[in-house]
Amino acid sequence: MSMTRSELQDAAAKAFDGGLPPDAAQSWTLITDMGWLMMAVSEDQGGLGLGREAVGVIHQALGRTLVAGPTIAQMLVIEALSGTGQDELLGRAMAGEVMTASLSEGLTAVPDADRASHLLLVEPERVALLPTQRLGLTARATWDKTRRLFDVDAGEKDGIVLAQGEAAVALGNRLSMLRSLALAADSLGGADAALRMTIDYLETRRQFDRPLALFQALKHRVADMKTALVAAEALFWARADESDADAIRMGAMKAHAANVYRLIAEEAIQLHGGIGLTMEHPCHLFLKRATLNAALGGDADHWEEAAGRRMLTA
């Protein structure tokens, strides 16, 4: 299947047009019906074979509309299954059976673990898929209510071994890159939506009988936000197309995208005159999601340390 980025962006933009955030169950049905879970899977395995760029477009759209659910985690499981001969499980995952994975290190911050049939366990030299029936789950309270996260006690960690040794190391790196790509895309989509919402507000809100958008100081702040977003998007698409990108480079890109998201979300609330702090207005949802995105998959300190250690050993 062949589809340009702009065509996919148009299709994704039309998929969600309701309130923020949309209903989680309806969103999951729509995501599976549109085949978004199989975007990066090769066509000979029943997927669409559209690669990392398509995954980026999808997660940008989900971030823009604050879609809830375990889509990022599900795609990590699908990536792990697609290269390990587990075709039956792969088909079930692409069809929408919830299978989840951690969005952080260890078995913490696992989305929708209480709904999942399986959990992906990534260790330094072993990647396995564990049935969730025997796992201990503890709900994790978060500021961001668009995601449901759990900490998991895997016990003896029995399950289906997908990779061991060097193969597990290589698979773990691919999964880390995909997680960073998805979180970065989610961040940039959310940042774009928050910025558009802010511009719309400034164009309609009046002060001294003039729209706020005509005030020079506010124009400069919005221009700075737009500049930061465009630069982060350029870096993102460059990394998405990069054949030799690795986990550290992708992680650094994700950290930058999340920081830009948080900056724009904070500015958006200020430029809304504080209205974004009220539960009746969706603006605060972007700040909460931005804050969580900055922590998931390794924060800026984590990736800066990883890059520094690699430089010292080079």
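Note that the structure is predicted; figures quoted are calculated from it, not measured.

Student: Now, about empty space enclosed by the protein: what can you tell me, with residues and values included?
Tutor: Counted under the stated rule, the structure contains one cavity of 30 Å³ or more. The space that makes up the largest cavity amounts to roughly 100 Å³. Lining the largest cavity are H59, L62, V67, A68, G69, T71, I72, L103, T146, R147, D186 and R289. Broken down by secondary-structure element, the contributors of at least two residues to the lining of the largest cavity are α3 (51-64) and α4 (71-82). Counted by class, the lining of the largest cavity contains five nonpolar, four polar and three charged residues.

Student: Describe the nonpolar core, with residues and values.
Tutor: Most often, soluble globular proteins keep nonpolar side chains buried together rather than apart. Within the largest apolar cluster, 91 residues are counted, with the highest numbers of intra-cluster contacts made by W36, L81 and L120. Tallying contributions element by element places helix α6 (residues 165-204) first for this core, with 18 residues. The residues contacting W36, other than those within four sequence positions of it, are A12, A15, F16, I31, I58, L62 and M75. Core analysis: the next-biggest nonpolar cluster, separate from the first, contains eleven residues, L107, L119, L135 and A154 among them.

Student: So what's going on with the sheet that holds strand β2 (residues 110-111)? Residues and values would help.
Tutor: Pairing is antiparallel across the open sheet formed by three strands, whose spatial order is β2-β6-β5. With partners counted over all chains shown, the strands left at the sheet margins are β2 and β5 (136-140), one partner each. In this structure, β2 lies alongside strand β6 (residues 149-153), joined through two bridges in antiparallel fashion. In the sheet register, P111 faces β6, and the bridge partner there is L149.

Student: Now, about helix α2 (residues 24-33): what can you tell me, with residues and values included?
Tutor: Note on helix geometry: an α-helix contains 3.6 residues per turn, so any two residues three or four positions apart are oriented the same way. Every buried residue of α2 is listed here: S27, W28, I31 and T32. Each buried residue of α2 sits inside an arc of 130° when the element is viewed along its axis, so together they form one side. Relative to its buried face, α2 has exposed residues pointing more than 90 degrees away, namely A25, Q26 and D33. Taken together, the buried residues of α2 touch α3 and α4. Where α2 begins, the side chain of D23 points an oxygen toward the backbone nitrogen of A25, at a separation of 3.2 Å. Taken from the residues just after α2, G35 is the one with a positive phi, measuring 75°.

Student: Lay out the layout of surface pockets in plain terms, naming residues and giving numbers.
Tutor: Each pocket or cavity is described by its volume, and for the largest pocket that value is around 400 Å³. In terms of lining, the largest pocket is formed by 19 residues, of which the most central are E105, V122, G172, S176 and R179. Here the element with the most residues in the lining of the largest pocket is α6; it accounts for five residues. Its residues assigned to classes, the lining of the largest pocket comprises ten nonpolar, seven polar and two charged.

Student: So, helix α7 (residues 216-240): which residues are in play, and what are the values?
Tutor: For α7, which comprises 25 residues, the first-to-last C-alpha distance of 36 Å matches the rise-based estimate of 36 Å (1.5 Å per residue) to within 8%. Listing the buried residues of α7 in full gives L218, V222, M225, L229, A232, E233, F236, W237, R239 and A240. Its buried side turned inward, α7 meets α1 (5-15), α3, α6 and α8 (247-271).

Student: Account for the packing of α7 against α8, naming residues and giving values.
Tutor: A pair of packed helices is captured by two measures, namely the crossing angle of their axes and the spacing between those axes. Between α7 and α8, the shortest axis-to-axis distance is 10 Å and the interhelical angle comes to 160°. When the axis of α7 is compared with that of α8, the two are roughly antiparallel. Like other packed secondary-structure pairs, α7 and α8 cross with a definite hand, here left-handed. Across the interface between the two elements, L218, R221, V222, M225, A228, L229, A232, L235, F236 and R239 of α7 pack against R249, M250, M253, H256, V260, I264, E267, A268, Q270 and L271 of α8.

Student: For the pattern of salt bridges, give the residues involved together with the corresponding values.
Tutor: A complete count under the given rule lists 19 salt bridges for this structure. Here R221 makes a salt bridge to E267, at a shortest N to O gap of 3.0 Å. Here R221, found in helix α7, pairs with E267, found in helix α8; they are 46 residues apart in sequence, far enough to count as distant. For R221, a relative accessible area of 28% translates into the label partly exposed.

Student: Requested: an account of the sheet that holds strand β4 (residues 126-131), with residues and values cited.
Tutor: Spatial ordering of the open sheet is given by β1-β3-β4-β7, a layout of four strands whose pairing is mixed. With partners counted over all chains shown, the strands left at the sheet margins are β1 (99-101) and β7 (160-164), one partner each. Adjacent strand axes in the sheet meet at a mean angle of 20°, parallel and antiparallel pairs treated alike. Bridge count for β1 against strand β3 (residues 118-123) is three bridges, and the pairing is parallel. Paired with M99 across the two strands is H118, which belongs to β3. The sheet strands contacting α4 are β1, β3, β4 and β7, and the helix crosses β1 at an angle near 95°. Sheet strands touched by helix α5 (residues 87-94): β1, β3, β4 and β7. Its angle to β1, the strand with the most contacts, is close to 90°.

Calculation notes
- Residues numbered from 1 in each chain as written.
- Predicted model: local features only at pLDDT ≥ 70, side-chain atom pairs only at ≥ 80, totals over all residues.
- Heavy atoms only, no water.
- 1 Å grid on protein atoms, 1.4 Å probe; cavity = no way out; pocket = protein on both sides within 12 Å on 5 of 7 lines; lining within 4 Å.
- Points joined across faces, edges and corners; volume = space filled by probe spheres on them.
- Helix = DSSP H or I, 4+ residues; strand = E, 2+ residues; numbered from the N terminus.
- Nonpolar A, V, L, I, M, F, W, Y, C, P; charged D, E, K, R; others polar.
- Core = buried A, V, L, I, M, F, W, Y, C linked by side-chain atoms within 4.5 Å.
- Buried < 20%, exposed > 50% of the residue type's maximum accessible area, 1.4 Å probe, protein only.
- Contact = heavy atoms within 4.5 Å.
- Pairing = 2+ DSSP bridges.
- Arc of directions from axis to C-beta.
- Polar contact = N/O pair within 3.5 Å; in protein donor to acceptor, adjacent residues only side chain to side chain.
- Expected span 1.5 Å × (residues − 1).
- Axes fitted to C-alpha atoms, helices over the stretch in contact; angles between N-to-C directions.
- Parallel < 35°, antiparallel > 145°, perpendicular 65-115°, else oblique.
- Left-handed = near helix turned anticlockwise from the far one by under 90°.
- Salt bridge = Lys/Arg side-chain N within 4 Å of Asp/Glu carboxyl O.

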